[in-house]
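Architecture and fold: a report
Chain by chain, the residues:
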Amino acid sequence: MIPRYAIYFAAGADSALSRFGAGLLGYDAYTGNEVPFPPEALHVAPDWRDVSADPRKYGFHATLKAPMALAPGSTEAELMAACATFAEKARPIPAIRPVIDTISGFIAVIPAEPVDALQQFAADCAHEFDSFRAALTAEDRARRKPDKLTERQRDYLDRWGYPYVMEEFRFHMTLTGRLDAQRRGPILEMLRTRFASLRLDTLAIDRLALFKQDETRARFRIIGEWALPR
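Analysis parameters
- Residues numbered from 1 in each chain as written.
- Predicted model: local features only at pLDDT ≥ 70, side-chain atom pairs only at ≥ 80, totals over all residues.
- Heavy atoms only, no water.
- 1 Å grid on protein atoms, 1.4 Å probe; cavity = no way out; pocket = protein on both sides within 12 Å on 5 of 7 lines; lining within 4 Å.
- Points joined across faces, edges and corners; volume = space filled by probe spheres on them.
- Helix = DSSP H or I, 4+ residues; strand = E, 2+ residues; numbered from the N terminus.
- Nonpolar A, V, L, I, M, F, W, Y, C, P; charged D, E, K, R; others polar.
- Phe/Tyr/Trp six-rings, centres within 6.5 Å; stacked < 30°, edge-to-face > 60°.
- Buried < 20%, exposed > 50% of the residue type's maximum accessible area, 1.4 Å probe, protein only.
- Lys NZ or Arg CZ within 6 Å of the ring centre and 35° of its normal.

Focus: empty space enclosed by the protein
Applying the stated rule across the entire model yields two cavities of 30 Å³ or more. Put simply, the largest cavity is a space of about 90 Å³. In terms of lining, the largest cavity is formed by 13 residues, of which the most central are Thr-63, Leu-64, Tyr-162, Tyr-164 and Phe-169. Among the secondary structure elements, those contributing two or more residues to the lining of the largest cavity are β4 (62-69) and α6 (116-128). Take the lining of the largest cavity: its biggest share by element is three residues, from α6. Here the lining of the largest cavity is built from residues that sort into ten nonpolar, two polar and one charged. Quantified by volume, the second largest cavity comes out at close to 70 Å³. Put simply, the parts of the chain that give the lining of the second largest cavity at least two residues each are α1 (16-25) and β2 (27-28). Across the lining of the second largest cavity, the residue classes break down as seven nonpolar, one polar and one charged.

Okay, here's the thing in structure tokens:
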């Protein structure tokens, strides 16, 4: 199995937001360790391990450059060096007002309103690191279910290896798998209550992290992180 890499936003190993997300996913991508679920999650959903199974594989994050195998001739060391160089460039630090809400049936931390600087930052990541991305295999493309995408999303999938870039990008830090409307209500209420206790009025998107998945069944783990200059 060829490893895959992804460039994500993660909130910092010691941040309250990272601890919040790791607890709900039952997994800390900084350490690679399992984390106990909070009692409130198990109370509202005794099957919380299943509810959080999909995002657990990736760790608590927001996608900036989706998982990819490295292009022939590219190395992990070169990708890490490119991340460091990218992070050193002066740019506006995007900041969002984070809220808990649904996105395509999932529950996630999302911005309360669009932030142009964040859209630009994500677009820069899509451009900057694309030379490291191996071309999509037919299997990878099929896994994205292109028949269910819009024409523009299919074009982006073929051009960038991921359909949700540029105008289609939506920042989200996923906490659950897809839930039907009936289940979402009490879970959403519980997550909003827990999130409110963080008193996180503003979230600066001020770092990027390199995640690695060694093989198909493995979880992603953070192997490098770079703070953006302020």
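Comments concerning the packing of aromatic side chains
Taken as a whole, this structure holds eight aromatic pairs when the rule is applied. Ring geometry for Phe-9 against Phe-171: centres 6.1 Å apart, planes inclined by 50°, an arrangement best described as tilted. Of the two residues, Phe-9 sits in strand β1 (residues 4-9) while Phe-171 sits in the loop between α8 (151-160) and β8 (173-174), which places them 162 residues apart along the sequence. Residue Phe-171 is classed as buried on the basis of its relative accessible area of 3%. Among the aromatic residues, those joined into a cluster by ring pairs are Tyr-8, Tyr-58, Phe-211 and Phe-220. Here the basic side chain of Arg-91 rests over the ring of Phe-86, its NZ or CZ set 4.1 Å away from the ring centre. It is Arg-159 that lies over the ring of Trp-160; its NZ or CZ is 3.8 Å from the centre.

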